[in-house]
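So you can see what is in the structure, the chains are spelled out below.
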Amino acid sequence: MSHMADCIVIGSGVIGCATALRLQREGHSVLLLDAERPGAGASFGNAGMAGPNAVVPMATPGFWRQLPALLFGDRKSVIVRPHALPAALRWLRISLKMANEAQMLHSRDGLHALHHQAIEGWRELLDEEAWTRLLRPGSTVSRHQSTSAEAVMTSLAIRLRAQVGVATRILSPATISRCFTELDADGSIFTAVDHTAAVRDPAALLETLRQHFIAAGGRWQRYRAERLVLNDGLIHSVTGDGGRLSAQHYVLAAGHASSSLLPAGNLHVPLIAERGYHIMLERSRPLFNDSPQDGLTPCVLHDASHKCVITEMSGGIRVSGFAEYAHPGSPARRDCYDRLERYFRQRFPRYPRVRLSQWYGHRPSTPDSLPYIDRHPAAANLICAFGHGHYGMSGAPATARRVSDLFASADDSAAQSPFSLRRFTDE
Ligand SMILES: Cc1cc2nc3c(=O)[nH]c(=O)nc-3n(C[C@H](O)[C@H](O)[C@H](O)COP(=O)(O)OP(=O)(O)OC[C@H]3O[C@@H](n4cnc5c(N)ncnc54)[C@H](O)[C@@H]3O)c2cc1C
């Protein structure tokens, strides 16, 4: 069988596209595959936040105490569907093991290593025209349902960020009303983290990465991978709905579907499809003030208490949220869309609401919030790059760089890294 390419990348979400582009530019001949149109998965429907502030893991020491508020009541943001209860309970058990101080700091450091240059990473991957068109640099503004600035500034998330040099500042009510003229601030506390960015159109970002990849000589093919064929410690080929394909190297970047493609073996690689929702509303007038106010240009409005995000995108206003444990094939909960719209109405009561579309998709989540970026221990020519959970838009450029480093070195150093595939097996 002849090799079709040096490298086959499975999955053209943000991780697969960024990785394929980087490898192709470095002189490899890459074939990028996807079962659907490019960017059909989580990379299409996310809230678009990117930046070095993405260092807070989901499981933290007080996690179990927060569970009732996350699952029930006005601000609930986590949903467990009855059919998914056994899997969710198994997941909860592993997540609770991660909810300790040492693990939280380990996850924070791993996320920091991946995200601290997220903005520079995107600039490097995209050309100047695409960067300006697709990313909106500015500050991530967070709303906290609290009346005490001191309580907010000493909260765990803000402390974790400060420890890695990501500063948060309190915003005055005057600054907030100048930045968001129609916002009902409701006496809440608002903070800002600077030097972040929002993706203006995730679908266009994905398509641009794919076009850059093709312009660099790469090939993209619609192909549903079904199995990676392992022989004598190497992946020999991939089989799927387009026949058998082979290459010298393989990168598995199929998001939440990646674990079903891993070669069978003794590795324990926990990964769950964590469903998130968004609605798109018509942008009848600007929601965020685009010109700097008191040194602040907001690019995204994040609600730290309700876990919702409002992003002004090219195609409208996106309101995103929820972490739902449901089988990926099960239908959406319509009330999630309505709750996102109600949330928007509370924040911007006078803004017209014309719903353009609604969407749900699945984050590829791991118990420690760190992705797997590693060479497979039983298949020397297979590199895995999946499990980016809530942070794939921040982590894609550095993931591509790490995959390229793994390509360049035959050693096994990644086994010690926070992104090791073996980290749950060796326990
Ligand atoms: C509501 C929501 C909001 C979010 N907000 C943010 C945010 O603000 N900032 C942030 O950084 N992250 C955010 N995320 C998370 C982020 O979107 C993900 O971490 C990221 O998109 C994961 O990218 P991926 O390429 O690994 O997976 P995906 O985007 O899911 O891509 C995987 C690709 O693999 C393909 N595939 C699957 N199986 C096969 C197969 N067998 N053969 C071939 N191809 C296959 C799929 O079709 C898909 O195109 C959010 C996610 C959601 C759901």
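The coordinates are above.
J.: Provide a residue-level description of the packing of aromatic side chains, including the pertinent values.
T.: Following the criterion strictly, the structure yields nine aromatic pairs and no others. Between Phe344 and Tyr351, the aromatic rings sit 5.8 Å apart at their centres with planes inclined by 85 degrees, giving edge-to-face as the arrangement. Since its relative accessible area comes to 0%, Phe344 is described here as buried. Look at Tyr372 and Phe386: their rings are 5.4 Å apart centre to centre, the planes differ by 55 degrees, and that puts the pair in the tilted class. One end of the pair, Tyr372, is in strand β18 (residues 372-376); the other, Phe386, is in strand β19 (residues 379-386), and 14 residues separate them in sequence.

J.: Outline the sheet that holds strand β10 (residues 234-240), supporting the account with residue identities and numerical values.
T.: Sheet strands line up and pair through hydrogen bonds in the backbone, either parallel or antiparallel. Strands sit in the order β9-β10-β11 across an open sheet of three strands; the sheet is antiparallel. Only two strands of the sheet have a single partner each, and these edge strands are β9 (225-231) and β11 (243-245). Between one strand axis and the next, the sheet turns through 25 degrees on average, direction left out of account. In the sheet, β9 pairs with β10 via six bridges, with the strands oriented antiparallel. Note that in β10 the partner of Leu228 across the bridge is Val238.

J.: An account of the site of the ligand is requested, with residue identities and associated values reported.
T.: The full set close to the ligand counts 36 residues, and Asp34, Ser43, Met49, Gly389 and His390 are the nearest of them. Between the ligand and the protein, one listed contact pairs an oxygen atom with a backbone N or O atom of Gly392 at 3.0 Å. Relative to its unbound accessible surface of 1000 Å², the ligand loses 94% to contact with the protein. For the shell around the ligand, the residue count by class is 19 nonpolar, 13 polar and four charged.

J.: Provide a residue-level description of the nonpolar core, including the pertinent values.
T.: Of all hydrophobic cores here, the largest spans 51 residues; its most connected members are Trp122, Leu135 and Val251. Excluding residues within four positions of it along the chain, Leu135 makes contact with Trp122, Leu126, Ala130, Ala197, Ala198, Val199, Arg200 and Leu205. Val78, Ile94, Tyr223 and Tyr372 belong to the second-largest nonpolar core, a separate cluster that totals 38 residues.

J.: Got a sec to walk through the packing of helix α5 (residues 101-115) against helix α9 (residues 156-163)? Specific residues and values, please.
T.: Interaxial distance between α5 and α9 falls to 10 Å at its minimum, and their mutual angle equals 55 degrees. Compared by their axis directions, α5 and α9 come out oblique. The hand of the α5/α9 crossing is right-handed. Counting all contacts with α5, which are made through Met104, Leu105 and Arg108, the residues of α9 involved are Leu156, Leu160 and Gln163. Residues that form the contact of α5 with α9 fall into these classes: four nonpolar, one polar and one charged.

J.: I'd like a description of the pairing of β18, backed by residues and values.
T.: Among the five residues that make up β18, five are buried, leaving the element largely enclosed by the rest of the structure. In textbook terms, the turn of a hairpin is the stretch between consecutive antiparallel strands, and for β18 and β19 this stretch comprises two residues.

Quick notes on the rules
- Residues numbered from 1 in each chain as written.
- Predicted model: local features only at pLDDT ≥ 70, side-chain atom pairs only at ≥ 80, totals over all residues.
- Heavy atoms only, no water.
- Phe/Tyr/Trp six-rings, centres within 6.5 Å; stacked < 30°, edge-to-face > 60°.
- Buried < 20%, exposed > 50% of the residue type's maximum accessible area, 1.4 Å probe, protein only.
- Helix = DSSP H or I, 4+ residues; strand = E, 2+ residues; numbered from the N terminus.
- Pairing = 2+ DSSP bridges.
- Axes fitted to C-alpha atoms, helices over the stretch in contact; angles between N-to-C directions.
- Near = heavy atom within 4 Å.
- Polar contact = N/O pair within 3.5 Å; in protein donor to acceptor, adjacent residues only side chain to side chain.
- Areas by Shrake-Rupley, 256 points an atom, 1.4 Å probe, with all protein chains shown as cover.
- Nonpolar A, V, L, I, M, F, W, Y, C, P; charged D, E, K, R; others polar.
- Core = buried A, V, L, I, M, F, W, Y, C linked by side-chain atoms within 4.5 Å.
- Contact = heavy atoms within 4.5 Å.
- Parallel < 35°, antiparallel > 145°, perpendicular 65-115°, else oblique.
- Left-handed = near helix turned anticlockwise from the far one by under 90°.

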